[in-house]
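So the chains spell out like this:
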Amino acid sequence: MTVSNVKRLEKTTIYIDQSDIDTDLPRFSNGKLLHIVTEVCKNYIGSFTVSNVEGGILYEDGNLTSQRKIAITFYHSDIAQVNEMAADLCAFFDKKSVVVEREPIAQYTVSNCID
């Protein structure tokens, strides 16, 4: 086994709730939403990953609310550019806000040749 190409990067992820603010139902089909987000990303940052994320929030009163989000992940991106894109996506999808996470990571490759 060989580990190589170790890089220290900043990983930034934007999370966009798929539900409409008024109806709590999806405004767009999942395919259309992924297409819109992908096209927006192409105009801002060249290297990105878009994925579906499902989870929930457990409130203190015991109620669990399911959530479906689109996650857009960037590596080694300009934070000002990410924040501008997040604000534009927030406005486009009529959201009060979107969540942005930024964290340092180590990225590397692992290979294994069987002779």
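Computed from a prediction, not measured in an experiment: that's the story for all the values here. (Residues numbered from 1 in each chain as written. Predicted model: local features only at pLDDT ≥ 70, side-chain atom pairs only at ≥ 80, totals over all residues. Heavy atoms only, no water.)

**Q** Please set out the nonpolar core residue by residue, giving values where relevant.
**A** Judged by nonpolar contacts, the single largest core of 18 residues is most densely connected at Ile 14, Ile 16, Val 37, Ile 72, Phe 74, Met 85 and Phe 93. Within the residue set of this core, elements represented by two or more residues are strand E1 (2-17), helix H1 (30-44), strand E3 (64-75) and helix H2 (79-92). The residues contacting Ile 72, other than those within four sequence positions of it, are Thr 12, Thr 13, Ile 14, Ile 16, Val 37, Cys 41, Phe 48, Thr 49, Val 50, Met 85 and Leu 89. (Core = buried A, V, L, I, M, F, W, Y, C linked by side-chain atoms within 4.5 Å. Buried < 20%, exposed > 50% of the residue type's maximum accessible area, 1.4 Å probe, protein only. Helix = DSSP H or I, 4+ residues; strand = E, 2+ residues; numbered from the N terminus. Contact = heavy atoms within 4.5 Å.)

**Q** Which residues make up the pattern of salt bridges, and what values go with them?
**A** Tallied over the full model, the rule gives three salt bridges. A salt bridge links Arg 102 to Glu 10; the nearest nitrogen and oxygen atoms lie 3.7 Å apart. In this pair, Arg 102 is assigned in strand E4 (residues 99-111) and Glu 10 in strand E1, connecting sequence segments 92 residues apart. Glu 54 is the partner of Arg 68 in a salt bridge, and the nearest nitrogen-oxygen pair spans 3.6 Å. Of this pair, Arg 68 sits in strand E3 while Glu 54 sits in strand E2 (residues 48-58), and the two are 14 residues apart along the sequence. Exposure remark for Arg 68: the relative accessible area of 37% places this residue in the partly exposed category. (Salt bridge = Lys/Arg side-chain N within 4 Å of Asp/Glu carboxyl O.)

**Q** Tell me what's going on with empty space enclosed by the protein, and back it up with residues and numbers.
**A** Applying the stated criterion across every chain yields a total of one cavity of 30 Å³ or more. Of the pockets and cavities examined, the largest cavity occupies roughly 50 Å³. If you trace the largest cavity, you find it lined by Asp 17, Gln 18, Ser 19, Arg 27, Phe 28, Leu 33, Phe 93 and Lys 95. Residue composition of the lining of the largest cavity, grouped by class: three nonpolar, two polar and three charged. (1 Å grid on protein atoms, 1.4 Å probe; cavity = no way out; pocket = protein on both sides within 12 Å on 5 of 7 lines; lining within 4 Å. Points joined across faces, edges and corners; volume = space filled by probe spheres on them. Nonpolar A, V, L, I, M, F, W, Y, C, P; charged D, E, K, R; others polar.)

**Q** Run through unusual backbone geometry, naming residues and quoting values.
**A** Despite not being glycine, Asn 5 shows a phi value in the positive range, around 55 degrees. Of note, Asn 5 is situated in strand E1.

**Q** How would you explain H2 if you had to name every residue and give the values?
**A** Relative to the 20 Å expected for 14 residues at 1.5 Å per residue, H2 spans 20 Å between its end C-alpha atoms, a close match to the ideal helical length. Check the buried side of H2 and you find it contacts E1, H1, E3 and E4. Note on H2: the residue one or two positions beyond its end, Asp 94, has a positive phi of about 55 degrees. (Expected span 1.5 Å × (residues − 1).)

**Q** Tell me about the layout of surface pockets, and please be specific about residues and values.
**A** Taken as a whole, the largest pocket spans an internal volume of roughly 280 Å³. Together, 15 residues line the largest pocket, and Asp 17, Ser 19, Gln 67, Lys 69 and Lys 95 are the ones closest to its centre. At the level of elements, E1 and E3 are the ones that each hand at least two residues to the lining of the largest pocket. In terms of residue count, E3 provides more of the lining of the largest pocket than any other element does, four residues in total. Taken together, the residues that form the lining of the largest pocket break down as five nonpolar, five polar and five charged.

No statement about biological role is implied by the geometric values presented.
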